[in-house]
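# An overview of the molecular structure
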Amino acid sequence: MTSVKEKIEIGFESLAELVFRLRWPLLVFMALLVFVSVKQLPHLTIDMSDEGFLHPDDPILQTYNDFRDQFGRDDLIVLAIQGDVFSQPFLKKLRKLHKDLEDQVPHVDEITSIINARNTRGVTDGLIVEDLLEKWPNSLQELEALRKRVMSNPLYLNRLISEDGACTTLLIQTDAYGDTMAEEDVLDGFDDFDGFDDQAFSEESSTNEVERVFLTNEQRNTLLKVINGIAAQVRADDFQISIAGSPVVTDAVKKNMRKDMMLFLRLALLIIAFCLFLMFRRLSSMIMPLLVVGLSLTSTLALMVVTGTAVKMPTMILPSFLLAVGVGDSVHILIMFFQHFNRKNNKKAAIVHALGHSGFAVVMTSLTTAAGLLSFAGAEVAPISDLGIFASVGVMLAMLYSIIFLPAMLAVVPLKIRKISNEQSNPAAPSMTARMMDGITNFSTGHARGIIIFSLLVMAIAVPGILKLQFSHNILTWLPEDMPVRQATQTIDSSMKGSVTLEVILDTGRENGLYEPAILNKIEQFTRELEAEKMSLPVGKAMSVTDILKEIHQALHENRAEYYVIPQDAKLIPQEFLLFENSGSDDLEDVIDSRFQLARITIKVPWQDAMNYVPFIKEVKERAEHIFGSDADLTVTGIMALFGRIMYASIHSAGQSYLIAFAVITVMMMFLIGSIRLGLLCMFPNLVPIVITMGFMGWVGLPLDMFTMLIGSIAIGIAVDDTIHFVYNFRRYFARCGDPVESVRQTLQSAGKAMLTTTIVLSTGFFIFMFASMSNLFNFGMLTGMALILALAADLFLAPALFTLVSKSRVGRAEIVRR
């Protein structure tokens with residue numbers, strides 16, 4: 001009676017015969033597929049924005065988009081300039097830099113420096129709001145007066161000038177939207193925040209509605225390039241310019257990753273080609289697998305284009321990852337093909353033998369790898385989800401092409417038989433690989449209990465390390481310490497007490513709610529407490545509409561210091577705001593809406609790991625709720641809130657993906673083996689390397705970041721491949737001879753070479769990430785490569801030890817031989 005397993009093998013043999021018969025049509029179809037895929041590649045887009053980490057329907061992102069729609073971008077580009085700030089030469093250079101930036105940089109909404117900083121003063125018949133250097137200082141006395149005025153203005157300190165007066169900043173706020181708007185909305189900046197007031201301006205927004213697209217990566221790249229070029233022209237020893245801000249950091253990360261990925265792609269191709277040539281000693285056997293994985297890669301990228309999916313930060317590892325992972329299927333098929341071809345010199349028979357022997361195992365290993373990757377598909381972090389989907393698609397395409405296009409190529413490429421190797425012609429003179437596999441067989445089967453106990457002890461040591469693991473998301477620390485943007489950010493954090501902002505939107509729930517002294521007093525209390533009291537993060541500055549109101553009130557009272565307060569007369573407040581608006585300034589638009597219902601409160605802190613932002617945001621919310629109570633609704637947003645959300649989503653996604661990957665792969669192992677107990681047993685050698693790797697990370701202090709969090713699911717999906725090949729072959733040989741030691745020996749002599757080769761290719765494919773200039777890629781490559789080597793060790797030593805012991809019991813033997 002034919003078993004299910006035998007029926008499957010016969011099915012793959014029939015597929016091989018069909019592929020051999022249709023080899024030329026299949027190759028023509030392959031060429032057409034290559035042509036269509038390559039044509040799509042120029043349309044592949046890249047999105048490295050912070051917003052790209054979240055799905056479009058994420059509530060936090062939608063709130064942030066509403067905020068940008070109302071108030072513009074909060075992620076400023078900051079130029080910090082050090083020198084003799086209050087000297088004529090410095091100020092003239094600063095004026096030129098400011099003007100050049102205004103004239104030449106595209107997509108800029110506003111540029112602010114001490115050149116055009118708001119200077120509010122009262123006159124007999126009203127209020128004048130002008131640029132700070134409207135009247136240029138020409139004498140030493142005027143320069144000294146300027147210095148005193150700047151250093152005494154709370155609005156300037158830690159925003160435009162450092163507390164020691166040695167550093168000034170130039171703040172660039174880019175447009176929220178790019179040039180893709182069909183027409184300009186004349187009410188732009190006055191539309192109310194969608195998340196807080198759905199009634200305001202409903203009639204206006206319902207007409208002349210146009211689709212507006214946020215500033216694209218290409219547009220931001222262009223403006224950053226222009227900014228850097230202008231800064232380079234005026235940079236000098238007495239005019240030192242540091243450029244930072246979230247857009248600059250993101251751009252630096254993107255450029256470094258692109259540079260690193262191109263290097264990895266070239267290295268991966270070279271290493272894989274070298275390993276293939278070394279293994280098969282045939283140029284054709286080097287080229288054919290590369291064509292297969294190359295086609296699977298281009299097909300995957302083409303699918304990303306078709307589905308409108310952009311390449312984002314984590315998905316940039318996809319090309320080199322697929323090259324390394326996809327070649328394993330071809331290696332297993334080629335090994336079985338040439339073993340038969342060199343003996344029989346019959347291509348068709350060799351192709352049928354190779355697919356019959358390895359086809360099912362190749363499919364199952366690809367499914368388990370894809371399952372490990374697909375566990376990321378439901379991730380709340382958008383690029384992790386994209387990576388899970390398209391990496392698993394790429395793995396399945398590599399499998400499909402390996403069992404269809406690779407045999408078709410073997411059928412038409414001229415091949416010569418090679419002399420039978422020494423271990424086949426003369427068993428007394430085995431090769432080094434054969435001797436090594438024999439040694440491993442003797443050790444693993446002869447010390448089975450000791451190996452299992454040792455594995456359990458190592459895991460026991462690793463578990464406390466896992467408990468030490470810390471999550472992290474700090475793209476700044478991914479960059480080299482000597483990189484200008486990293487140093488610039490640290491300089492700005494030190495001089496200006498922060499470079500990242502948290503935005504709090506206060507909704508009074510009523511028009512002209514911001515005319516009420518009680519509300520304004522609470523806003524003032526909130527901002528001053530944030531600056532004065534000790535928080536989990538140091539608050540460098542908190543800014544709101546009350547700063548403008550106090551400035552107006554002081555100016556209208558002869559600039560006397562005691563009038564730098566909020567007026568308590570409810571009738572006076574709207575009059576002072578009206579005077580300010582009539583002066584020609586539009587600065588109120590940056591902090592309130594047109595109905596005086598919404599208020600924006602900006603809180604500036606130093607750049608930190610996103611893990612530190614989470615408790616800080618919680619503190620801010622609690623303090624705001626305590627102060628405002630039921631008087632206003634509060635929403636926290638801004639770039640910091642995005643970072644916090646990304647961190648939370650990463651933690652949730654990591655835990656979810658690990659559980660899904662382990663559960664799905666375990667079920668697949670049970671199905672493959674046909675036994676629940678053996679399926680669970682086979683997962684033990686795959687769990688050990690993951691536990692050891694994670695434990696190692698915890699003990700040495702390596703964090704779980706956006707990349708290292710991928711290791712567990714990726715490694716278990718790949719590591720189980722060798723276990724499947726081991727179990728598949730062990731059961732085949734055990735059913736024939738009934739001797740566990742001899743079954744292990746024959747398994748390692750046949751499948752062991754392919755397991756060793758694929759692990760070398762795969763681990764090396766990940767180890768090349770250690771050539772990266774960025775620490776996150778270095779850690780990812782090192783740890784994933786280490787996990788794969790540990791997985792091979794587990795399959796060569798622990799798996800044979802387990803099956804040796806299990807096969808000694810009557811129940812175990814029955815489970816192993818069950819068909």
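Our subject is the structure that appears above.
What counts, and at which threshold
Every chain is numbered on its own, with residues counted from 1 as its sequence reads. Reporting in this predicted model follows two pLDDT cut-offs: at least 70 for local features of residues, and 80 or more for side-chain atom pairs to be given and counted; totals over whole chains, interfaces and linings ignore these cut-offs and use all residues. Side-chain measures here rest on the full set of heavy atoms in the structure, leaving out hydrogens and waters. To form a nonpolar core, buried Ala, Val, Leu, Ile, Met, Phe, Trp, Tyr and Cys residues must be joined to one another through side-chain atoms within 4.5 Å. Each residue gets one of three labels from its accessible area relative to the maximum for its type: buried under 20%, exposed over 50%, partly exposed in between, using a 1.4 Å probe on protein chains only. Any pair of residues with heavy atoms lying within 4.5 Å of one another is described as a contacting pair. Simply put, an axis is a line fit to the C-alpha atoms, just over the touching stretch for a helix, and the angle between two N-to-C directions goes from 0 to 180 degrees. Secondary structure is summarised from DSSP: a helix means a run of H or I of at least four residues, a strand means a run of E of at least two, and numbering begins at the N terminus for each. For a crossing to be left-handed, the near helix must be turned anticlockwise from the far one by less than a right angle; the clockwise case is right-handed. Throughout this entry, Asp, Glu, Lys and Arg are counted as charged residues, while Ala, Val, Leu, Ile, Met, Phe, Trp, Tyr, Cys and Pro are counted as nonpolar. The remaining residues, Gly among them, count as polar. Salt bridges, as used here, are contacts in which a Lys or Arg side-chain nitrogen is within 4 Å of a carboxyl oxygen on Asp or Glu. Whenever two N or O atoms come within 3.5 Å, that pair is a polar contact, provided that in protein one can donate a hydrogen and the other can accept it, and provided that, for residues adjacent in sequence, both atoms are side-chain atoms. Two strands are said to pair when DSSP picks up at least two bridges between them. In this analysis, the expected span of each helix is defined as 1.5 Å times one less than the number of residues it contains. It is the directions from the helix axis to the C-beta atoms whose arc is reported.

Let us now look at the nonpolar core. The nonpolar side chains of soluble globular proteins are, as a tendency, buried together. Counting 250 residues, the largest nonpolar core has Leu79 and Ile603 as the members making the most contacts within it. Contacts of isoleucine 603, omitting those with residues within four sequence positions, involve Val500, Thr501, Leu502, Val504, Phe526, Leu530, Val539, Lys541, Ala542, Phe616 and Val620. Listed in part, the 13 residues of the second largest apolar core include Ala462, Ile692, Ala801 and Leu802.

Contact geometry for helix H18 (residues 517–532) and helix H21 (residues 610–628): axes closest at 10 Å, N-to-C directions at 150 degrees. Classified by chirality, the crossing of H21 by H18 is right-handed. Of the residues in H21, those touching H18 at Ile519, Lys522, Ile523, Gln525, Phe526, Glu529 and Leu530 are Val620, Arg623, Ala624, Ile627 and Phe628. Here the residues of the contact of H18 with H21 are counted per class, giving 8 nonpolar, 1 polar and 3 charged.

What follows is about the pattern of salt bridges. Tallying each qualifying case throughout the model produces 32 salt bridges. In this structure, aspartate 251 and lysine 255 form a salt bridge, with 3.2 Å as the shortest nitrogen-oxygen distance. Here lysine 255 and aspartate 251 lie together in helix H8 (residues 246–280), a separation of 4 residues that amounts to about one turn. Between aspartate 438 and arginine 745 there is a salt bridge, with its nearest N and O atoms 3.1 Å apart.

This next bit is on the environment of glutamate 562. Looking at the secondary structure, you find glutamate 562 in the loop between helix H19 (545–555) and helix H20 (572–582). Residues glutamate 562 and arginine 745, 183 residues apart in the sequence, show an inter-C-alpha distance of 91 Å. A polar atom in the side chain of glutamate 562 sits 3.0 Å from the side chain of arginine 560.

With that settled, the discussion passes to the sheet that holds strand E10 (residues 633–637). Spatial ordering of the open sheet is given by E8-E9-E7-E10, a layout of 4 strands whose pairing is antiparallel. The open sheet terminates on both sides in strands that have one partner only, identified here as strand E8 (541–543) and E10. Mean inter-strand twist for the sheet, computed between neighbouring axes without regard to direction, equals 20 degrees. Of the pairings in the sheet, the one linking strand E7 (residues 500–507) to E10 comprises 5 bridges and is antiparallel in character. Bridge pairing in E10 links glutamate 503 to threonine 637.

With 15 residues, helix H14 (residues 432–446) should cover 21 Å at 1.5 Å per step; its first-to-last C-alpha distance of 21 Å lies within 8% of that length. When we look at burial in H14, the residues that qualify are Ala434, Met437, Ile440, Thr441, Ser444 and Thr445. Along the axis of H14, the buried residues cluster in a sector spanning 120 degrees; they form a single face. Structural note: H14 exposes Met432 and Gly446 on the side pointing more than 90 degrees away from its buried face.

Worth remembering: the numbers are spatial, not functional.
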